[in-house]
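Here are the chains, one letter per residue:
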Amino acid sequence: MDHRSKDQTALSQTDAMNSLAGSSIAIVLTNPKLDDNPIVYVNDAFERLTGYSRGVAIGQNCRFLQGPETDPQDTKRIRTALERGEEVAIDILNYRSNGEKFTNRLLVTPVRDDHGKVNFFVGVQKALPAEATEPTGADAAMREIQHRVKNHLAMIVSLIRIQSREAVTPEALANIARRVQSLQLLYEELAAPSYNSNREEIEMGAYLTRVANTIAHIDGRTGVRVNIASESVQVPVEAATRLGLILSEVMTNAMQHAFIGRDTGLLEVRLSRLSGGGLRLMVSDDGVGLPKDMQWPSSTSLGGRIVNGLIEGLSGSLSMTRGSSGTIVTVDMPGAASH
């Protein structure tokens with residue numbers, strides 16, 4: 001599929017599963033407010049990296065990945081950083097479920113509340129090649145990517161902070177997981193060969209297509225088709241982060257509410273340039289539509305507050321209109337595209 005063309009492409013759930021299957025960036029979320037700072041979320045890549053299923057990993061402390069040859073100094077460094085609520089980046093010897101050893105390039109970042117208390121730790125992991133015995137150009141590039149992701153973790157950190165103020169229910173954790181997944185997709189785009197590290201820009205068509213695939217897989221249903229059309233456009237990483245998260249929130253809202261009582265439907269996503277370097281993101285559906293007295297995004301809902309905050313950070317605007325069938329959400333962002 002050529003993500004840079006203007007041709008509209010139907011995205012099936014099979015496509016979504018295939019796109020997720022290639023993921024190599026493992027992400028873990030732990031909760032230090034619970035006894036022994038247990039894992040509360042892992043993504044698919046963690047299962048593939050370690051061989052441990054979610055059912056086994058969730059509820060355990062991350063130290064279960066350590067083994068006889070893990071350097072005690074490395075574990076002490078991680079433990080000290082966590083006790084102090086500090087970030088830590090380290091290469092550590094870990095063990096897969098079958099006993100196989102691997103070198104884990106690990107970045108752990110604390111998620112603090114408004115009072116500075118750590119609510120969560122986010123861990124980003126990637127296995128290094130077995131033959132990598134000393135730093136290489138690729139290793140240096142990986143560290144640079146981690147540094148960039150660390151800077152943009154502030155976005156997801158703020159979302160998790162907002163979420164953690166609410167009741168910590170399975171649904172709340174699922175929403176955290178979805179938002180972390182959006183960050184993971186950005187991480188993978190940064191790691192892709194097509195990423196221009198000098199210009200610090202992302203090809204937005206490819207990135208939004210992956211986000212749309214992911215939401216269609218997580219929140220979609222068999223009878224609802226998702227189409228995406230995007231102009232070829234380079235977007236700075238900061239703006240790309242916000243756009244990806246906005247699309248995630250808007251699509252999830254549509255999937256959850258637009259097709260109630262219906263077996264089939266259509267959700268369309270379009271990204272196009274505006275004059276003066278701006279961008280327009282449109283998400284439309286042919287569903288049942290919103291009630292006449294309902295406004296979205298609403299400041300009384302968590303998703304609404306997140307969307308409003310993201311759009312404010314882009315100096316953009318959002319409008320919601322009721323079409324002849326369904327709902328159309330339009331997000332305009334002045335100056336978001338590169339020239």
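Residues numbered from 1 in each chain as written. Predicted model: local features only at pLDDT ≥ 70, side-chain atom pairs only at ≥ 80, totals over all residues. Heavy atoms only, no water.

A. Highlighting the overall build of the protein chain. Broken down by element type, the protein chain carries nine helices and 13 strands. Scored against the burial criterion, the 339 residues of the protein chain give a buried share of 51%. Long-range pairs, those at least 24 residues apart, make up 65% of the contacts in the protein chain between residues at least 6 apart in sequence. On the protein chain, roughly 15500 Å² of surface is accessible, and the fraction owed to carbon and sulfur atoms is 49%. (Helix = DSSP H or I, 4+ residues; strand = E, 2+ residues; numbered from the N terminus. Buried < 20%, exposed > 50% of the residue type's maximum accessible area, 1.4 Å probe, protein only. Contact = heavy atoms within 4.5 Å. Areas by Shrake-Rupley, 256 points an atom, 1.4 Å probe, with all protein chains shown as cover.)

B. Up close: the environment of Lys101. Here Lys101 lies in strand β5 (residues 101–112). Taking the C-alpha atoms as reference, Lys101 lies 9.7 Å from Leu65; in sequence the two are 36 residues apart. Residues in contact with Lys101, not counting those within four places in the same chain, are Glu69, Leu93, Asn94, Tyr95 and Arg96. Here Glu69 takes part through its side chain, which lies 3.0 Å from a polar atom of the side chain of Lys101. (Polar contact = N/O pair within 3.5 Å; in protein donor to acceptor, adjacent residues only side chain to side chain.)

C. The pattern of salt bridges, seen in detail. What the rule picks out here adds up to seven salt bridges. Residue Arg63 pairs with Asp36 through a salt bridge whose shortest N-O separation is 3.0 Å. Of the two residues, Arg63 is situated in the loop between α3 (54–57) and α4 (72–84) and Asp36 in the loop between β2 (26–30) and β3 (39–42); the sequence distance between them amounts to 27 residues. Here Arg280 makes a salt bridge to Asp332, at a shortest N to O gap of 2.7 Å. Taken together, the residues Arg280 in strand β11 (residues 279–285) and Asp332 in strand β13 (residues 327–333) connect sequence positions 52 residues apart. Overlapping salt bridges, with partners in common, bring together Asp44, Glu47 and Arg54 in one network. (Salt bridge = Lys/Arg side-chain N within 4 Å of Asp/Glu carboxyl O.)

This is a description of form; function is not addressed.
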